[in-house]
Number of protein chains: 2
Amino acid sequence: MNNFNLYAPTRILFGKGQIAAISQHVPAGARVMVTYGGGSILRNGVLDQVRQALGERLVAEFGGIEPNPDYATLMRAVETGRAQHVDFLLAVGGGSVADGSKFIAAALHYRGEPWDILSAGGKVESAVPLGVVLTLAATGSEMNAGAVISRRETGDKLFFSSEAVLPRFAVLDPSTMFSLPQRQTANGVVDAFVHTIEQYLTYPANAKVQDRMAEGLLLTLVEEGPRLLAAPEDYEARANVMWAATMALNGYLGAGVPQDWSTHMLGHEITAVHGLDHAQTLAIVLPAMLAARRAPKRAKLLQYAERVWGLREGSEDARIDAAIDATRAFFERMGVPTRLSGHGIREPRLEAILGKLEAHGMTALGERDEVTLDVSRAVLEAAV
Amino acid sequence: MNNFNLYAPTRILFGKGQIAAISQHVPAGARVMVTYGGGSILRNGVLDQVRQALGERLVAEFGGIEPNPDYATLMRAVETGRAQHVDFLLAVGGGSVADGSKFIAAALHYRGEPWDILSAGGKVESAVPLGVVLTLAATGSEMNAGAVISRRETGDKLFFSSEAVLPRFAVLDPSTMFSLPQRQTANGVVDAFVHTIEQYLTYPANAKVQDRMAEGLLLTLVEEGPRLLAAPEDYEARANVMWAATMALNGYLGAGVPQDWSTHMLGHEITAVHGLDHAQTLAIVLPAMLAARRAPKRAKLLQYAERVWGLREGSEDARIDAAIDATRAFFERMGVPTRLSGHGIREPRLEAILGKLEAHGMTALGERDEVTLDVSRAVLEAAV
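Here the residue index of a chain counts from 1 through its sequence in written order. As a convention, the first chain written is A and the first ligand written is 1, with the rest following in written order. Only residues with pLDDT of 70 or above have their local features reported here, since the model is predicted, and side-chain atom pairs are shown and tallied only from 80 upward, although totals for entire chains, interfaces and linings are computed over all residues. Values reported for side chains reflect all heavy atoms of the structure, with hydrogen atoms and water molecules removed beforehand.

1. Describing the overall build of chain A
- Where helices and strands are cited, they refer to DSSP runs of H or I of at least four residues and of E of at least two residues respectively, numbered from the N terminus. Looking only at helices and strands, one finds 14 helices and 9 strands in chain A.
- A compact globule built from 384 residues would reach a C-alpha radius of gyration of about 21 Å, and chain A, at 21 Å, matches this within 12%.
- If you line up chain A on its principal axes, its C-alpha atoms span 65 × 45 × 45 Å.
- All accessible areas in this document rest on Shrake-Rupley with a 1.4 Å probe, and a residue is counted as covered only by the protein chains that are shown. Summed over all atoms, the accessible surface of chain A reaches about 13,800 Å², with 48% contributed by carbon and sulfur.
- In this charge count, Lys and Arg are treated as positive and Asp and Glu as negative; neither His nor the chain ends contribute. Where a charge sits is defined by one atom per residue type, namely NZ (Lys), CZ (Arg), CG (Asp) or CD (Glu). Put simply, chain A has 36 plus and 43 minus side-chain charges, and the middle of one group is 2 Å from the middle of the other. Atoms considered for the radius of gyration are the C-alpha atoms alone. The globule rule reads 2.2 Å times the number of residues to the power 0.38.

Spelled out as structure tokens, the structure:
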């Protein structure tokens, strides 16, 4: 096991009716701005519950944070927060709202040009305290320090991370997801699955607890994901998937082990060039990536085959093939295509995607820096 | 899954050489008192590393905190802390030192009689900030809010819990355990194993992530525990056991699920009456407890049999028998007897033990309050 520094201080308030509990975790006398995205939380009663829990502490609302939250939008929220002397943020939504609100929280305290936080490594020493009411299980942002922010004006998509923006609490009420569209439910399951794989399916590091936890999350997603498509209001299945998605990226899986993340990096560029959803790109890249790197990942692929898919018969190569096939079949069963052609993209813009990878310095990805542009090209060609 | 409120903000600094990292996590200018137990940390270099990391922040040392830390000892530490205007505590040792230091931290801030914290539910609103350098993996105290304190003068053994005493950080360097006596190593493995069982082996609550995590910890302890007896300086095995023991009681396993803890309650009284180590009592009680409650625990016993011990053949009853036998055999393999007679106790003082249980109100234990004094009697009789 490698050394690690694990810090996951976000309080999780999990279950039915827990939105009311935020009243105990937002300071009395706080001046709270609620941030959110589209209108679904207006329709399903979530925003009403939040307003009721906050009472007079609610001094501002800022809606319209879009998927892949835009810098310009967020800076308007910063203006609102400043004007209202806001000293607590409550993000109500999915990963984009959480990520965007982390940036707002940091920018409200930042001395200097906030764009530097994203583009120039400007250090975020403090931030307005932040809570999250999660309404879409997927990204894990509700319990970690990272955020991805886009700037449409310049075509940038940048990441920052700071312990100062770790949410103070996150409310996870599975019933808030009953009305999600199938596509978002499925994308969330795929996203959590691939987050887990990126921290697990590398090379053996003798981290037995982390391996078993990862396998447990994968098994849970495989069992419960398809159930959600059949029964969107199955509370227990929603609960298991919601908790699995948070656990997949709160730091516990990745503590003390090598990490990959090459599937994510290729996926980001596919989204930039072809406009697919983030999880859609992961479902396309991962099976091809595993096939291309079956040699360096051999030991963990065999472990994955046995412990997640129960594959114990046949030659090692046959088990690896079967595990990759099972991964692909799982995504397809979730209604998420695993080839670019599944989205009608029969001639992907390979040079544009590879050019972006190169421009972003993504020329030696993966747990052993082995994913060169040539490997990325082969993966993309195999993913058509 | 049941609702839960999970808060585990302790920063984990894990691995070789991490004691040096405490210098980054104790405030500059802090006035630190180091608390510890016996002399082992003097001999193995751990205290020297701590002194070096703290430098001028170290203003007091308080040694001599005993196993089952005594109120009188701890109150002497409080006096030292007050005299030295201490504003940070660093506990260096195992669970007893961590527990004792939590009480010292609370008592230093408490207005009123500190004994009330233990005996009268005195609420701990704040405490001196506390860090832990763990040198014995077992109790999980390094990452939770609880502490058990004894008062030899009155024969009391009492518990308190407060988020104010959650350690700010815990250093887990597996190599600090290389020189542990076999008995302490074995006790630690059994303690972590039974902590896990108490939160897992109850009745199904459809908490798939928690179940898989628990099974992962059990499998890790079963695989790595015996290895440690054969090779006490196996860093990887120490690391896996150390991390498993912390994860076994930091709140994640018990979140959203029923919990038992009857084995612990019986064990406490056996320690009080017969003086066995805490883990020794757990190894004696658990197999008998599982056998006595095989009906209400049937579904989880079958799951445990399959997923932890690989038992898939034979009748359900045969698999349950085999799982209980395997549990017993594991403890024995760790060198920890699983019957009172294994410690030479052929005529246990049943009435004294049951009398204490009754006096402490322990007359309806377990996840469904089903462990009456009659059940406890039967368990104890079966454990001779």
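The discussion continues.
2. What to know about the UniProt feature "domain: Alcohol dehydrogenase iron-type/glycerol dehydrogenase GldA" (unreviewed entry) in chain A
- The UniProt record annotates "domain: Alcohol dehydrogenase iron-type/glycerol dehydrogenase GldA" (unreviewed entry) at residues 9-174 of chain A.
- The annotated region residues 9-174 of chain A carries 28% helix and 25% strand content, and the separation between its end C-alpha atoms amounts to 21 Å. UniProt positions are given in the numbering used here, feature names are shortened, and annotations may be inferred rather than shown by experiment.

3. Examining the pattern of salt bridges
- Should a side-chain nitrogen of Lys or Arg be within 4 Å of a carboxyl oxygen of Asp or Glu, the pair is scored as a salt bridge. Here the structure, examined in full by the defined rule, presents 46 salt bridges over all chains.
- For Arg312(B), the salt bridge goes to Glu306(B), with nearest N and O atoms at 3.7 Å.
- Glu306(B) gets classed as partly exposed once you look at its relative accessible area, which sits at 37%.
- Connected through shared salt-bridge partners, Lys208(A), Arg212(A), Glu223(B), Glu224(B) and Arg227(B) make up one network. Throughout this description, buried means an accessible area under 20% of the type-specific maximum (1.4 Å probe, protein chains only), exposed means over 50%, and partly exposed covers the range between.

4. Looking at the packing of aromatic side chains
- Planes of paired rings set the category: under 30 degrees apart is stacked, over 60 is edge-to-face and the rest tilted, where pairs are Phe, Tyr or Trp rings (Trp by its six-membered ring) whose centres lie within 6.5 Å. Enumeration over the complete set of coordinates arrives at 27 aromatic pairs over all chains.
- A centroid spacing of 5.5 Å and a plane angle of 85° characterise the contact between Phe193(A) and Phe331(A), whose relative ring orientation is edge-to-face. Linking Phe193(A) in helix α6 (residues 182-200) with Phe331(A) in helix α12 (residues 316-333), this pair joins segments that are 138 residues apart in sequence. The two residues Phe193(A) and Phe331(A) agree in class, both being buried.
- Among the aromatic residues, those joined into a cluster by ring pairs are Phe4(A), Phe14(A), Trp243(A), Tyr252(A), Phe4(B), Phe14(B), Trp243(B) and Tyr252(B).
- Geometrically, a charge over a ring is one whose NZ (Lys) or CZ (Arg) sits within 6 Å of the ring centre while staying within 35 degrees of the ring normal. The aromatic ring of Trp115(A) is capped on one face by Arg151(A), whose charged end is 4.3 Å from the ring centroid.
- A cation sits over an aromatic face here: Arg368(A) above Tyr203(A), 3.9 Å from the ring centre.

5. Re the interface of chain B and chain A
- Chain B puts 45 residues into the contact, and the matching count from chain A is 44 residues.
- Here chain B packs against chain A, burying approximately 3,700 Å² in sum over the two surfaces, 50% of which is carbon and sulfur.
- Viewed at the interface, chain A and chain B are joined by 8 salt bridges.
- Here Arg212(A) ties to Glu223(B) by a salt bridge, and the two come within 3.0 Å at their closest N and O atoms.
- Here a polar contact is taken to be a pair of N or O atoms separated by no more than 3.5 Å, where protein atoms must pair a possible hydrogen donor with a possible acceptor and residues adjacent in sequence count only if both atoms sit in side chains. The tally of links between chain B and chain A comes to 24 residue pairs in polar contact (both at pLDDT 80 or more).
- Elements represented by at least two residues in the side of chain B that touches chain A include exactly β1 (4-6), β2 (11-14), α7 (208-230) and α8 (235-247) of chain B. Note on definitions: a residue-residue contact is assigned when non-hydrogen atoms from the two residues lie within 4.5 Å. As used here, buried area is the combined drop in accessible area, with a 1.4 Å probe, of two parts when they are placed together.

6. As for the pairing of strand β3 (residues 32-36) of chain B
Residues and elements named next belong to chain B.
- Counted residue by residue, β3 has 5 buried out of 5 residues, so it is predominantly covered.
- Residues Val32, Val34 and Tyr36 of β3 are buried on one face, and the alternating residues Met33 and Thr35, pointing to the opposite face, are buried as well.
- Summarising the sheet, β3 and strand β4 (residues 58-62) pair through 4 bridges and their orientation is parallel. Considered in β4, the bridge of Thr35 is made with Phe62.
- Two strands make a pair as long as DSSP finds a minimum of two bridges between them. Across 5 bridges, β3 lies against strand β5 (residues 88-93) in parallel orientation. When the sheet's bridge partners are listed, Tyr36 is paired in β5 with Val92.

7. Thoughts on the sheet that holds β4(B)
- On the basis of which strands lie adjacent, the open sheet formed by 7 strands has the order β1(A)-β2(B)-β9(B)-β6(B)-β5(B)-β3(B)-β4(B) and mixed pairing. Taken across any chain shown, the strands that pair with only one partner, and hence form the sheet edges, are β1 (4-6) of chain A together with β4 of chain B. Averaged over all adjacent pairs, the angle separating strand axes in this sheet is 15°, with direction ignored.
- As defined by bridge partners, β5(B) adjoins strand β6 (residues 130-134) of chain B across 5 bridges and the pair is classed as parallel. Bridging across to β6(B), Gly93(B) finds its partner in Leu134(B).
- Each axis is a line fitted through C-alpha atoms, taken for helices only over the stretch in contact, and angles between the N-to-C directions span 0 to 180 degrees. Along the sheet face, α8(B) touches β1 of chain A together with β2, β6 and β9 (169-172) of chain B and points at about 170° away from the line of β2(B).

8. Structural notes on the domain arrangement of chain A
All names here are of chain A.
- Once the domains are mapped, chain A shows domain 1 (11-176) and domain 2 (182-382).
- Between the C-alpha centres of domain 1 and domain 2 the distance comes to 27 Å.
- Summing the contributions of domain 1 and of domain 2, the shared interface buries around 1,500 Å²; its carbon and sulfur component is 68%.
- Summed over the shared surface of domain 1 and domain 2, the result is 0 salt bridges.
- At the junction of domain 1 with domain 2, the criterion picks out 3 residue pairs in polar contact (both at pLDDT 80 or more). The split of the chain into domains comes from an automatic or database domain assignment.

9. Side note on the relation of the copies chain B and chain A
- Copies are brought into register by a least-squares superposition over C-alpha atoms of residues with pLDDT of at least 70 in both. When chain B is fitted to chain A, the residual RMSD is 0.0 Å, and the transformation amounts to a turn of 180° plus an axial shift of 0.0 Å. Taken together, the rotation angle and the small translation identify this as a two-fold axis. Relative to the rotation axis, the C-alpha of Pro9(B) is the closest in chain B, positioned 1.8 Å from it.

10. So, the side chain of Gln199(A)
Residues and elements named next belong to chain A.
- Of note, Gln199 is situated in helix α6.
- Side-chain polar atoms of Gln199 contact the backbone oxygen of His195, separated by 2.8 Å.
- A polar contact of 2.8 Å, which involves the side chain of Gln199, links it to the backbone oxygen of Ala248.
- Contacts of Gln199, omitting those with residues within four sequence positions, involve Ala248, Leu249, Leu253, Gly254, Val257, Pro258, Gln259 and Trp261.

11. Some words on helix α2 (residues 46-54) of chain A
Residues and elements named next belong to chain A.
- Among the residues making up α2, those that are buried are Val46, Leu47, Val50, Ala53 and Leu54. One side of α2 carries all its buried residues, which in axial view fall inside an arc of 125°.
- If you follow the buried residues of α2, they end up packed against β3 (32-36), α1 (40-43), β4 (58-62), β5 (88-93) and β6 (130-134).
- A positive backbone phi angle near 60° is found at Gly55, which sits one or two residues after α2. Directions are taken from the helix axis to each C-beta atom, and the arc is the one they span.

12. Some words on the sheet that holds strand β2 (residues 11-14) of chain A
- Read across the sheet, 7 strands follow the order β4(A)-β3(A)-β5(A)-β6(A)-β9(A)-β2(A)-β1(B) without closing on themselves; strand pairing throughout is mixed. The open sheet terminates on both sides in strands that have one partner only, identified here as β4 of chain A together with β1 of chain B. On average, each strand axis in the sheet is inclined to that of its neighbour by 15°, with strand direction left out of account.
- Packing against the sheet, helix α3 (residues 71-83) of chain A makes contact with β3 and β4 of chain A, and its axis sits at approximately 165° to β4(A).

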